[in-house]
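What follows is the residue order along each chain.
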Amino acid sequence: MHLTIPPRELLRRFLRTALGMVIFAFGNYLTVQANIGQAPWNVLCQGISLHLPLSYGVSTMLVSVMIVVTDVLLGEPIGLATLMDAAMVGPLLDLFLYLDLVPVMENVWVGFVLMTVGMAFLALGQLVYMPAQFSCGPRAALTVGVGKRLRQLPIGAVEILIQTAACAVGWLIGGSVGLGTLWFALGNGFVMQAVFQLARFEPRNLTHIGLHQMVARTEREGAEQPKE
């Protein structure tokens, strides 16, 4: 497939993707400030670090690589948004933590509310950046890739299956699970489905642009430039 998107449209999509990543990172920040338990994928990373001579940070990188490989095997393209997710979300989370915009919750029930709000921001971030069609972050691409093979299920239900599986495996190998972990594993899919349904958005219907297509377009345009 050849790209025929004009440069101005590509810029618009890039900016939309960047905005979505900022919103997504803020949602991630809110789930951390909720202070009621770590996210399911973090449970898996923690469990791996207990059984392999790897730090928690290296285990996180290993899990991310495994997810990307799985995305490729599922036929999901690695696009600009995949790289932007890796480059932006972590540093933005650190920035929000530094700014200390929202205090750490001390009350469990308020923590549940804040985590739910964080989930809504996570879904909103995806709703903003996915239609730019620069692919998805690794975990979102996994949800979409599995969802394409389980079309009979709502995309939110697919998210619940994946988050629950990550949580269960992490718990079985020693990762710590809190009430917030269980709520994230179950609630994130429900909130995602609600946000996407309100916007009438189905991420499985998008056709994304992979990095190889963008590179091919750049090389083709360079070859077509008149030589002096």
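Residues numbered from 1 in each chain as written. Predicted model: local features only at pLDDT ≥ 70, side-chain atom pairs only at ≥ 80, totals over all residues. Heavy atoms only, no water.

Caption draft 1: Region of the structure containing the pattern of salt bridges. Summed over the entire model, instances satisfying the criterion amount to four salt bridges. Here arginine 204 makes a salt bridge to glutamate 202, at a shortest N to O gap of 2.9 Å. Under the relative-accessibility criterion, arginine 204 is labelled buried at 6%. Glutamate 202 gets classed as partly exposed once you look at its relative accessible area, which sits at 26%. A cluster of three or more residues bridged by salt bridges with shared partners is formed by Glu9, Arg12 and Arg13. (Salt bridge = Lys/Arg side-chain N within 4 Å of Asp/Glu carboxyl O. Buried < 20%, exposed > 50% of the residue type's maximum accessible area, 1.4 Å probe, protein only.)

Caption draft 2: Structural view of the nonpolar core. Formed by 42 residues in total, the largest nonpolar core has its most connected members in Tyr29, Tyr129, Met130 and Phe196. Going through the elements one at a time, α1 (7-33), α4 (80-99), α5 (108-129), α6 (138-149) and α8 (179-198) are the ones with two or more residues in this core. (Core = buried A, V, L, I, M, F, W, Y, C linked by side-chain atoms within 4.5 Å. Helix = DSSP H or I, 4+ residues; strand = E, 2+ residues; numbered from the N terminus.)

Caption draft 3: Highlighting unusual backbone geometry. Of note, glutamine 133 is a non-glycine position whose phi angle comes to about 65 degrees, a positive value. Here glutamine 133 shows up in the loop between α5 and α6. Phi is positive for serine 135, close to 75 degrees, though the residue is something other than glycine. For serine 135, the position within the fold is in the loop between α5 and α6.

Caption draft 4: Highlighting the layout of surface pockets. Reported here for the largest pocket is a volume of approximately 1,100 Å³. Forming the walls of the largest pocket are 41 residues, and the residues nearest its centre are Phe24, Asn28, Asn42, Val89 and Arg139. Broken down by secondary-structure element, the contributors of at least two residues to the lining of the largest pocket are α1, α2 (40-51), α3 (56-73), α4, α5, α6, α7 (155-172) and α8. In terms of residue class, the lining of the largest pocket is made up of 22 nonpolar, 16 polar and three charged. (1 Å grid on protein atoms, 1.4 Å probe; cavity = no way out; pocket = protein on both sides within 12 Å on 5 of 7 lines; lining within 4 Å. Points joined across faces, edges and corners; volume = space filled by probe spheres on them. Nonpolar A, V, L, I, M, F, W, Y, C, P; charged D, E, K, R; others polar.)

Caption draft 5: Examining the packing of aromatic side chains more closely. Applying the stated rule across the entire model yields six aromatic pairs. An angle of 35 degrees between the planes, with centres 5.8 Å apart, marks the rings of tyrosine 29 and phenylalanine 96 as tilted. On the criterion of sequence distance, the pair formed by tyrosine 29 in helix α1 and phenylalanine 96 in helix α4 is long-range, its members being 67 residues apart. Judged by its relative accessible area of 10%, phenylalanine 96 is buried. Chaining the aromatic ring pairs together yields one cluster made of Phe26, Tyr29, Phe96 and Phe121. The lysine or arginine in question, arginine 139, covers the ring of tryptophan 41, its NZ or CZ lying 5.5 Å from the ring centre. (Phe/Tyr/Trp six-rings, centres within 6.5 Å; stacked < 30°, edge-to-face > 60°. Lys NZ or Arg CZ within 6 Å of the ring centre and 35° of its normal.)

Caption draft 6: Molecular detail of the environment of asparagine 42. Here asparagine 42 shows up in helix α2. As a C-alpha pair, asparagine 42 and arginine 204 span 162 residues in sequence and 26 Å in three-dimensional space.

Caption draft 7: Spatial organisation of the environment of glycine 170. Among the structural elements, glycine 170 can be located in helix α7. Remark: the alpha-carbon pair of glycine 170 and isoleucine 48, spanning 122 residues in sequence, is separated by 7.5 Å.

Caption draft 8: Structural context of the confidence of the model for the protein chain. Overall, the prediction assigns the protein chain a mean pLDDT of 90, with 92% of residues at 70 or greater. Within the protein chain, the lowest mean pLDDT, 60, falls on helix α9 (residues 211-224), and the highest, 97, falls on α5. (pLDDT = per-residue confidence, 0-100.)

Caption draft 9: Summary view of the packing of α3 against α6. One way to put it is that α3 packs onto α6 with a least axis distance of 9 Å and a crossing angle of 35 degrees. Like other packed secondary-structure pairs, α3 and α6 cross with a definite hand, here left-handed. For the pair α3 and α6, the contacting residues are Val63, Ser64, Ile67, Val68, Thr70 and Asp71 in the first and Pro138, Arg139, Ala141 and Leu142 in the second. (Axes fitted to C-alpha atoms, helices over the stretch in contact; angles between N-to-C directions. Left-handed = near helix turned anticlockwise from the far one by under 90°. Contact = heavy atoms within 4.5 Å.)

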